[in-house]
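Okay, here's what each chain looks like letter by letter:
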Amino acid sequence: MKVVCPFCFHKALITSRNILNDDKTISDLYCSCTNTKDCAATFVYTLAYKHVLNHPVRTTAEMAFNLVNTLTKEEKASLRRDLLPDPA
Ligand SMILES: [Zn+2]
């Protein structure tokens with residue numbers, strides 16, 4: 001993860017992290033500007049999980065399995081035909 005100094009826009013280093021919630025999805029990142037000659041600022045960024053773009057594979061497979069189990073026998077057979085066509 002790249003952190004930029006908000007004062008001089010040079011690269012900054014994360015020197016420590018303070019986790020703020022039990023789910024470990026929000027943290028304060030204590031940072032130090034690497035432009036020590038002209039800036040040397042220290043500051044805190046907040047890092048927070050926002051939302052998912054792609055669910056973990058295991059979650060997706062579980063969701064598909066549970067969804068398929070709600071189908072009738074005929075719907076499952078139809079789905080099987082659509083997903084696994086007979087070899088020609
Ligand atoms: Zn700086």
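In short, a report on the structure. (Residues numbered from 1 in each chain as written. Predicted model: local features only at pLDDT ≥ 70, side-chain atom pairs only at ≥ 80, totals over all residues. Heavy atoms only, no water.)

The helix and strand inventory of the protein chain stands at two helices and four strands. Each helix and strand of the protein chain, placed in order from N terminus to C terminus, yields the pattern β-β-β-β-α-α. Over its C-alpha trace the protein chain gives a radius of gyration of 25 Å, far above what one expects of a compact globule, namely 12 Å for 88 residues. Here the C-alpha coordinates of the protein chain stretch approximately 70 × 35 × 15 Å along the principal axes. The buried share of the protein chain, taken over its 88 residues, is 12%. (Helix = DSSP H or I, 4+ residues; strand = E, 2+ residues; numbered from the N terminus. Rg over C-alpha atoms; globule rule 2.2 N^0.38 Å. Buried < 20%, exposed > 50% of the residue type's maximum accessible area, 1.4 Å probe, protein only.)

V3, C5, A12, L29, C31, C33, A41 and F43 form the largest nonpolar core, which has eight residues in total. Broken down by element, this core gets its largest block of residues, three residues, from strand β3 (residues 26-33). (Core = buried A, V, L, I, M, F, W, Y, C linked by side-chain atoms within 4.5 Å.)

Next up on the list: the packing of aromatic side chains. For the structure on display, the rule yields two aromatic pairs. Taken together, a centroid distance of 6.3 Å and an interplanar angle of 65° make the contact between F7 and F43 edge-to-face. Of the two residues, F7 sits in the loop between β1 (3-4) and β2 (11-19) while F43 sits in strand β4 (residues 42-48), which places them 36 residues apart along the sequence. Aromatic side chains F43 and Y45 sit 5.8 Å apart centroid to centroid with 75° between the ring planes, which places their arrangement in the edge-to-face category. Judged by its relative accessible area of 33%, Y45 is partly exposed. (Phe/Tyr/Trp six-rings, centres within 6.5 Å; stacked < 30°, edge-to-face > 60°.)

Below, the discussion takes up the coordination of the zinc ion. In ideal tetrahedral geometry, four donors around a metal make angles of 109.5 degrees, whereas ideal octahedral geometry with six donors gives angles of 90 or 180 degrees. Distances from the zinc ion to its protein donors, namely C5 (SG), C8 (SG), C33 (SG) and C39 (SG), fall within the range 2.3 Å. Relative to the metal, the four donor atoms surrounding the zinc ion lie at angles of 97 to 116°, and the coordination shape comes out tetrahedral. Each donor residue of the zinc ion lies on the same chain, and together they follow the pattern C-x2-C-x24-C-x5-C. In this structure C33 comes out as buried when scored by relative accessible area, which is 2%. We classify C39 as partly exposed; its relative accessible area is 25%. (Donors = N, O, S within 2.8 Å, 3.2 Å for Na, K, Ca; no water. Tetrahedral: all angles 85-135°; square planar, octahedral: opposite > 155°, others 65-115°.)

The sheet contact formed by β2 and β3 spans seven bridges and is antiparallel. By the bridge assignment for β3, I19 is matched with S27. As consecutive antiparallel partners, β2 and β3 are separated by six residues, and within that stretch K24 has a phi angle of approximately 60°, a positive value. Relative to β4, β3 runs antiparallel, the two being bridged by seven bridges. (Pairing = 2+ DSSP bridges.)

This part covers the side chain of D28. By secondary structure assignment, the location of D28 is in strand β3. Excluding anything up to four places from it in sequence, D28 contacts S16, R17, N18, L20, V44, Y45 and T46. (Contact = heavy atoms within 4.5 Å.)

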